[in-house]
Amino acid sequence: MKVYSLTGSSGTGKSYQAPGVMTEKGIDMLIDDGLLIYQDLVEAGVSAKRQKTRVGAIKTALFTDEEHRKTVAEKIRQLNPASILIVGTSDKMTDVIAERLELPPVEERIYIEDITTEAERYKAGKSREQQGKHVIPVPTVQLKRDFAGYFMNPEMLIRRAKDMSDKAQEAIKNPGAFLPWGKDHETAKTVVRPTYSYLGDFIINDKVVTDIAKLVGGEIEGVSKVVSVYENTEPDNLKIVVVLDLDRETKIWETAIKFQKRLMEVVETMTAFNVVSSDIEIRKLV
């Protein structure tokens, strides 16, 4: 197994550049911020971005927790990649990670300054400093449940707030379109704002789920009215109950199931909440 490292100061765009480095070098696997990523899938690990403090994030990235370390090391042995890239802020950090995960020593070192311009690093730093954005090099769908309730793909939510009628529909149909770096990267990167961001807490108003339910009701043929929505607004355990009026001529069971499935899909896409259940009650036919 050949071990590569990609190092650079915090906020210089390492995670954003990592997929390109892997493609260019033909690298099979990635270790970044506590996650083991293989073929755009998170195979094992815990993201440092989920920790509540910066110190906790550093410990996670260094695999100081024994159970975390063992799980990732075992998955690497199972997958047995020919090559692996370790992302870190220094050579010392990547060497420590390699040792803790029982990998061979780093054979080839790549530095962020060698693959990016000063202007690119400045832009990445500004994005981190001013907006609290962090990149995780996997598709959003792979992280949705792990980051339930976190600020994922923030441009989508900001633009949706400006123009709900047009942008909401576009976000529902193609959420990746709002990734800030364009279509070339939309299947390989996700933007999150970690809990320890100095920008403050991210919350979703209770009314949002109701608004989304009404939006979906207008989309599903046979739904006459979304009467009421009851939800607990817990990011990791969201349960929704929706009361509907249906058109008299519609097929009740099929319409209710279609609405139910679409509602869960849209809520998870637009809020990053983990929808545990969505119960539909039919009040009357009109």
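Let me sum up the structure you'll find in this document. (Residues numbered from 1 in each chain as written. Predicted model: local features only at pLDDT ≥ 70, side-chain atom pairs only at ≥ 80, totals over all residues. Heavy atoms only, no water.)

## Regarding the overall build of the protein chain
Here is step 1 of the chain: Of regular secondary structure, the protein chain possesses 11 helices and 12 strands.
Here is step 2 of the chain: In the protein chain, buried positions account for 47% of the 286 residues.
Here is step 3 of the chain: For the protein chain, long-range pairs separated by at least 24 residues make up 70% of all intrachain contacts whose partners lie at least 6 apart in sequence.
Here is step 4 of the chain: About 14,600 Å² of surface is accessible on the protein chain, with carbon and sulfur atoms providing 48% of the total. (Helix = DSSP H or I, 4+ residues; strand = E, 2+ residues; numbered from the N terminus. Buried < 20%, exposed > 50% of the residue type's maximum accessible area, 1.4 Å probe, protein only. Contact = heavy atoms within 4.5 Å. Areas by Shrake-Rupley, 256 points an atom, 1.4 Å probe, with all protein chains shown as cover.)

## Brief notes about the sheet that holds strand β12 (residues 275-285)
Here is step 1 of the chain: The strand order across the open sheet formed by three strands is β10-β11-β12, and the pairing between neighbours is mixed. Each edge of the sheet is formed by a strand with only one pairing partner; in this case those strands are β10 (223-231) and β12. With direction set aside, neighbouring strand axes in the sheet form an average angle of 20°.
Here is step 2 of the chain: The pairing of strand β11 (residues 238-246) with β12 spans nine bridges and is parallel. By the bridge assignment, L246 is partnered in β12 with L285.
Here is step 3 of the chain: Seen against the sheet, helix α10 (residues 207-219) touches β10 and β11 and runs at an angle of roughly 160° to β10.
Here is step 4 of the chain: Across the sheet, helix α11 (residues 252-271) is in contact with β10, β11 and β12; its angle to β12 comes to roughly 140°. (Pairing = 2+ DSSP bridges. Axes fitted to C-alpha atoms, helices over the stretch in contact; angles between N-to-C directions.)

## Some details on helix α2 (residues 54-61)
Here is step 1 of the chain: Inspection of α2 places G56, A57, T60 and A61 among the buried residues, and these make up the whole buried set. The buried residues of α2 all sit within an arc of 135° when viewed along its axis, so they share a single face.
Here is step 2 of the chain: Directly after α2, the chain includes F63, whose backbone phi takes a positive value near 60°. (Arc of directions from axis to C-beta.)

## Considering the sheet that holds strand β2 (residues 29-32)
Here is step 1 of the chain: Overall, mixed pairing links the six strands, which are arranged β4-β3-β2-β5-β1-β6 in an open sheet. Every interior strand has two partners, whereas the edge strands, β4 (41-45) and β6 (108-111), have only one. Going across the sheet, the axis of each strand differs from the next one's by a mean of 25°, ignoring polarity.
Here is step 2 of the chain: Where helix α1 (residues 14-25) meets the sheet, its contacts fall on β1 (2-7), β2, β5 (83-88) and β6, and the angle it forms with β5 comes to roughly 160°.
Here is step 3 of the chain: Helix α3 (residues 66-79) contacts β2, β3 (35-38), β4 and β5 of the sheet and is inclined by roughly 130° relative to β4.

## Focus on unusual backbone geometry
Here is step 1 of the chain: A positive phi angle, near 55°, is found at D33, a position not held by glycine.
Here is step 2 of the chain: Tracing the backbone through its elements, the reader meets D33 in the loop between β2 and β3.
Here is step 3 of the chain: In the Ramachandran plot, N80 falls in the positive-phi region, its phi being about 50° despite a non-glycine side chain.
Here is step 4 of the chain: Within the secondary structure layout, N80 lies in the loop between α3 and β5.
Here is step 5 of the chain: Its relative accessible area of 57% is what places N80 among the exposed residues.

## Some words on helix α4 (residues 91-100)
Here is step 1 of the chain: Residues M93, T94, I97 and A98 constitute the buried set of α4. Seen along its axis, α4 keeps its buried residues to an arc of 135°; they face one direction. In α4, the exposed residues that point more than 90 degrees away from the buried face are K92 and E99.
Here is step 2 of the chain: Residues of α4 that are buried make contact with β1, β2, α2, β5 and β6.

## Considerations on the pattern of salt bridges
Here is step 1 of the chain: For the coordinates displayed, the defined rule picks out 12 salt bridges.
Here is step 2 of the chain: With a closest N to O distance of 3.7 Å, D91 and R109 form a salt bridge. A residue pair is termed long-range when its members are at least 10 positions apart, and D91 in helix α4 and R109 in strand β6 qualify at 18 residues.
Here is step 3 of the chain: Judged by its relative accessible area of 24%, D91 falls in the partly exposed class.
Here is step 4 of the chain: The closest approach of N and O atoms between R283 and D245, which form a salt bridge, is 2.6 Å. With a gap of 38 residues between them, R283 in strand β12 and D245 in strand β11 connect regions that are remote in the sequence.
Here is step 5 of the chain: Judged by its relative accessible area of 3%, D245 falls in the buried class.
Here is step 6 of the chain: One continuous salt-bridge network, built from bridges that share partners, spans E66, R69, E74, R77 and E102. (Salt bridge = Lys/Arg side-chain N within 4 Å of Asp/Glu carboxyl O.)

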